[in-house]
Amino acid sequence: MLHTASREVNLPPAPPPERFNAAAHLLALNAGRADKLAYIDDLQRLSYGTLADRVRRCAAGLRALGLKREERVLLVMHDSVDFPIAFLGALYAGIVPVPVNTLLTTEDYTFMLQNCGAQALLVSHALWPTLQVALTNTPGDASIPVIVSGQGDAPQGTHSFAGLRDATPLAAPADTRADDIGFWLYSSGSTGRPKGTVHTHANLYWTAALYGTPVLGLREDDIGFSAAKLFFAYGLGNAL
């Protein structure tokens, strides 16, 4: 007679509900950890409570600049606590963030601005000179709102990312669906022009549900260090 050892069966996680906003979901999951650290960068530490407040203010600030649901914003930002605020703030508002490699050329950025139809630009202070040229080379895009992240005053004609904190927090997230477009990521372009790949709000949920929890076994007392930059799919999924 054949005997088989009994083993525990891990059932797949439940899918997200039809009405689902990935940023709102993340903030709700951590609402009870307001004082716990969420992100650490070279200059500051950000708690979950502060993260939630700044994400909602960022969302309201982007709306106040005239950005509408499903419009794209190009994120050319170095890794700092401003990155998750900008990325999640756009998602919370129903706007589509497009984080891209910070080591590209002016020509690459010109192409991406045109290709994704960006209606705003969020950029780190050190990268602004390169993106300023790209905007100049992009017909019709020279006048789109530019929000600059980093130390010091925002360059003339741009908005300060820190200034978004002055906006009244958005009271409720955009009423998005799990299958609505959440964000874009660009391929490396090794076989030609980079290709924009579209991701849904549910994609972020499944990254955590199918990888972060069962494979990595992440727990509340763990600290994650992201070697991969946040603009990479791997860095974004694991670290953010």
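Everything below is about the structure shown above.
Rules used in this analysis
Residues numbered from 1 in each chain as written. Predicted model: local features only at pLDDT ≥ 70, side-chain atom pairs only at ≥ 80, totals over all residues. Heavy atoms only, no water. Phe/Tyr/Trp six-rings, centres within 6.5 Å; stacked < 30°, edge-to-face > 60°. Helix = DSSP H or I, 4+ residues; strand = E, 2+ residues; numbered from the N terminus. Buried < 20%, exposed > 50% of the residue type's maximum accessible area, 1.4 Å probe, protein only. Lys, Arg positive; Asp, Glu negative; His and termini not counted. Salt bridge = Lys/Arg side-chain N within 4 Å of Asp/Glu carboxyl O. Contact = heavy atoms within 4.5 Å. Pairing = 2+ DSSP bridges. Axes fitted to C-alpha atoms, helices over the stretch in contact; angles between N-to-C directions. Core = buried A, V, L, I, M, F, W, Y, C linked by side-chain atoms within 4.5 Å.

### Some points on the packing of aromatic side chains
Here is step 1 of the chain: What the rule picks out here adds up to 6 aromatic pairs.
Here is step 2 of the chain: Plain terms: the ring middles of phenylalanine 83 and phenylalanine 87 are 6.4 Å apart, the flat faces sit at 20° to each other, and that makes the pair stacked. With phenylalanine 83 and phenylalanine 87 both in helix 3 (residues 82–92) and 4 residues apart, the pair spans about one turn of that helix.
Here is step 3 of the chain: Ring geometry for phenylalanine 87 versus phenylalanine 183: centroids 5.3 Å apart, planes at 70°, classification edge-to-face. Taken as a pair, phenylalanine 87 in helix 3 and phenylalanine 183 in strand 8 (residues 181–186) lie far apart in primary sequence, 96 residues in all.
Here is step 4 of the chain: Taking relative accessible area as the criterion, phenylalanine 87 reaches 0% and is therefore assigned buried.

### Section: helix 3
Here is step 1 of the chain: Within helix 3, 11 of the 11 residues are buried, which leaves the element mostly enclosed by the surrounding structure.
Here is step 2 of the chain: When helix 3 is considered as a whole, its buried residues turn out to be Asp82, Phe83, Pro84, Ile85, Ala86, Phe87, Leu88, Gly89, Ala90, Leu91 and Tyr92.
Here is step 3 of the chain: Within two residues after helix 3, glycine 94 carries a phi angle of roughly 80°, on the positive side.

### Quick notes on the side chain of arginine 54
Here is step 1 of the chain: Relative to the helices and strands, arginine 54 resides in helix 2 (residues 48–64).
Here is step 2 of the chain: In this structure arginine 54 is buried but unpaired, with aspartate 82 as the nearest side chain of opposite charge at 5.4 Å.
Here is step 3 of the chain: Ignoring sequence-local partners within four residues, the contact set of arginine 54 consists of Gln44, Leu46, Ile85 and Arg165.

### So, the sheet that holds strand 7 (residues 159–160)
Strand pairing within a sheet occurs via backbone hydrogen bonds; the two strands may be parallel or antiparallel.
Here is step 1 of the chain: Ordered by their spatial adjacency, 5 strands build an open sheet running 4-3-5-6-7, and the pairing between neighbours is parallel. Pairing within the sheet leaves two strands with one partner each, and these edge strands are strand 4 (96–99) and strand 7.
Here is step 2 of the chain: Relative to strand 6 (residues 146–149), strand 5 (residues 120–124) runs parallel, the two being bridged by 4 bridges. Residue serine 124 lies in a different strand from strand 6, and its bridge partner there is serine 149.
Here is step 3 of the chain: Contacts from helix 3 reach strand 3 (72–76), strand 4, strand 5 and strand 6, with the element oriented near 145° to strand 4.

### Some thoughts on the pairing of strand 1 (residues 37–40)
Here is step 1 of the chain: When strand 1 meets strand 2 (residues 45–47), the two strands line up antiparallel, connected through 3 bridges. Bridge pairing in strand 2 places tyrosine 39 opposite leucine 46.

### A short note on the nonpolar core
Here is step 1 of the chain: Of all hydrophobic cores here, the largest spans 45 residues; its most connected members are Val73, Phe87, Tyr92, Leu122, Phe161 and Leu240.
Here is step 2 of the chain: For this core, the secondary-structure elements that each account for two or more residues are helix 1 (22–29), helix 2, strand 3, helix 3, strand 5, strand 8 and helix 6 (201–212).
Here is step 3 of the chain: For this core, the leading source of residues is helix 3, giving 8 residues.
Here is step 4 of the chain: If sequence neighbours within four positions are ignored, leucine 122 has contacts with Val73, Leu74, Leu75, Val76, Met77, Ala86, Ile147 and Phe161.
Here is step 5 of the chain: Of all hydrophobic cores here, the second largest spans 23 residues; its members include Val76, Tyr109, Ala118 and Trp128.

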